[in-house]
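If you want the building blocks of each chain, they are given just below.
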Amino acid sequence: MKRQLPDIETLRSFMKFSNPLQNPAEARLEKAQTIWDLRKIAKKRTPKGPFDYTDGAAEGEVGLRRAYDAFRDVEFHPSVLKDVTNVDTGWDVLGKRVSQPFGIAPTGFTRLMHAAGERAGAAAASAFGVPFALSTLGTTGPEEVRKAAPDARLWFQLYMMRERHRSYELVERAQQQGFDTLLVTVDTPVAGARHRDKRNGMAFPPQLTLKTVLDAAPRPEWWINFLTTEPLEFAAVRNWDGTVGELLDTMFDPSITFDDLAEIRSLWKGKFVVKGVQSVDDARRLADFGVDAVQLSNHGGRQLDRAPVPFRLLPEVVREVGSDLEVHVDTGIMSGADIVAAVAHGARYTQIGRAYLYGLMAGGRAGVNRTLAILSGEVARVMRLLGVASLDELEPRHVTMLDDLRVRNLSQIRDGEAGTAQ
């Protein structure tokens, strides 16, 4: 083997040192390649109470694990030799163009996760051309969200409260700020049993105890932001001092019926979506009622544990009502591949909740940007690899749920055994 002195130019081409002047937060976010990477960063930078509120679900959290598994347990079926130089990841959702088939879901207590809160989410959504939904339990009012994102497409998520005038006031405020869609959530007659929150003593606003102080020690940025920004409060509830569960049980109304839905519908001039649908029969009833879309959701697994997984319910609901209205879906979506799979099975639109909050906790507005950039890139890449150039080309044939395959194969084996026996 012949040796020689290394060439200086060659050595220089190998030397790739990181920029010592680069913003550490930017460097940290750049390294995140997936939403799960952002979750790891978020966990390190956020106190246990707010992180677990985002990360957790109801009771044994079985429903949330099933939702994740449902998306993992799919098989893609690509077509080859297709021109996918240019792919179009956008289409119309409820009559208006979106750049991606996903947007930011309504989340409560958002400024607990990061002081930038809903303002960061709305501004990032606007920059990426996707809708942002503000929750009744949001910690920023409709007026402030509109100021933060004057050109954003904003939706408002409504809980029907026991004190109905509060619900009606919020609807009016959202309408005055140009929110174009009302998202009425109907799966919350009472709060789900969120054991992580109980164990953590999750309260609103956060309480300074020995436990929380010790937890905060390695996360000074969160506490500095919390203590030096405007006080935390809800758009709909003022002067609350108690646990999250107590608040929700005080607010939620278990008596809501179709009559209440009709009353809210009469007050709203924009698009009307019902969120929390978990059966084909209810989807049919709502289609007959005249909503513009139904959103299949089990509240991120945070209400009734082991409720139907929305993604698994999706094909059947689309077959039943897909020609009458749009079908939207949430829960368990953590990648662009999940979004593409949902669209292939008939979803017109998907919403991300935890994925958005992991980005927010990881880095405020920049973290939300990173979430949306990761998902947008994954959507486009998966479409190219499937051999489709537009969302309209995605069909059920592109995605197989492996559980269905197993059941089908088992049935064929049994049929074969029966035929042999005969």
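1. Focus: the pattern of salt bridges
Scanning all chains against the criterion turns up 22 salt bridges. The partner of Glu 230 in a salt bridge is Arg 119, and the shortest N-O contact between them spans 3.1 Å. Remark: Arg 119 occurs in helix α7 (residues 117-128) and Glu 230 occurs in the loop between α12 (220-228) and β9 (242-243); sequence separation between them is 111 residues. Assessed through its relative accessible area of 42%, Glu 230 is described here as partly exposed.

2. Quick look at the packing of aromatic side chains
What describes a pair of aromatic rings is the distance from one ring centre to the other and the angle between the planes of the rings. Inspection of every chain in the model, using the stated rule, returns twelve aromatic pairs. The interplanar angle of 45° and the centroid separation of 5.1 Å between the aromatic rings of Trp 155 and Tyr 349 together place this pair among those described as tilted. Pair noted here: Trp 155 is in strand β6 (residues 154-158) and Tyr 349 is in strand β13 (residues 349-352), with a separation of 194 residues, a long-range link. Taken as a pair, Trp 155 and Tyr 349 share a single burial class, namely buried. Taken together, Trp 222, Trp 223 and Phe 226 form an aromatic cluster joined through their ring pairs. In this structure, Arg 348 packs its charged tip against the face of Trp 91, placed 3.6 Å from the ring centre.

3. Describing the pairing of strand β10 (residues 271-277)
Most of β10 is tucked away: six of the seven residues are buried. Of the pairings in the sheet, the one linking β10 to strand β11 (residues 293-296) comprises four bridges and is parallel in character. Each residue of the ladder has a partner; that of Val 277, found in β11, is Leu 296. Read as a crossover between parallel neighbours, the route from β10 over helix α15 (residues 280-289) to β11 is right-handed.

4. Observations regarding the nonpolar core
Phe 132, Leu 182, Phe 272, Phe 311 and Tyr 358 are the most contacted members of the largest nonpolar core, which has 117 residues in total. Counting residues per element, this core draws most heavily on helix α18 (residues 354-386), which supplies 15 residues. Those residues in contact with Phe 132, other than ones at most four positions away along the chain, are Ile 104, Glu 118, Gly 121, Ala 122, Ala 125, Val 145, Arg 153, Leu 154, Trp 155 and Tyr 356.

Parameters at a glance
Residues numbered from 1 in each chain as written. Predicted model: local features only at pLDDT ≥ 70, side-chain atom pairs only at ≥ 80, totals over all residues. Heavy atoms only, no water. Salt bridge = Lys/Arg side-chain N within 4 Å of Asp/Glu carboxyl O. Helix = DSSP H or I, 4+ residues; strand = E, 2+ residues; numbered from the N terminus. Buried < 20%, exposed > 50% of the residue type's maximum accessible area, 1.4 Å probe, protein only. Phe/Tyr/Trp six-rings, centres within 6.5 Å; stacked < 30°, edge-to-face > 60°. Lys NZ or Arg CZ within 6 Å of the ring centre and 35° of its normal. Pairing = 2+ DSSP bridges. Right-handed = clockwise from strand over helix to strand, strands pointing away. Core = buried A, V, L, I, M, F, W, Y, C linked by side-chain atoms within 4.5 Å. Contact = heavy atoms within 4.5 Å.

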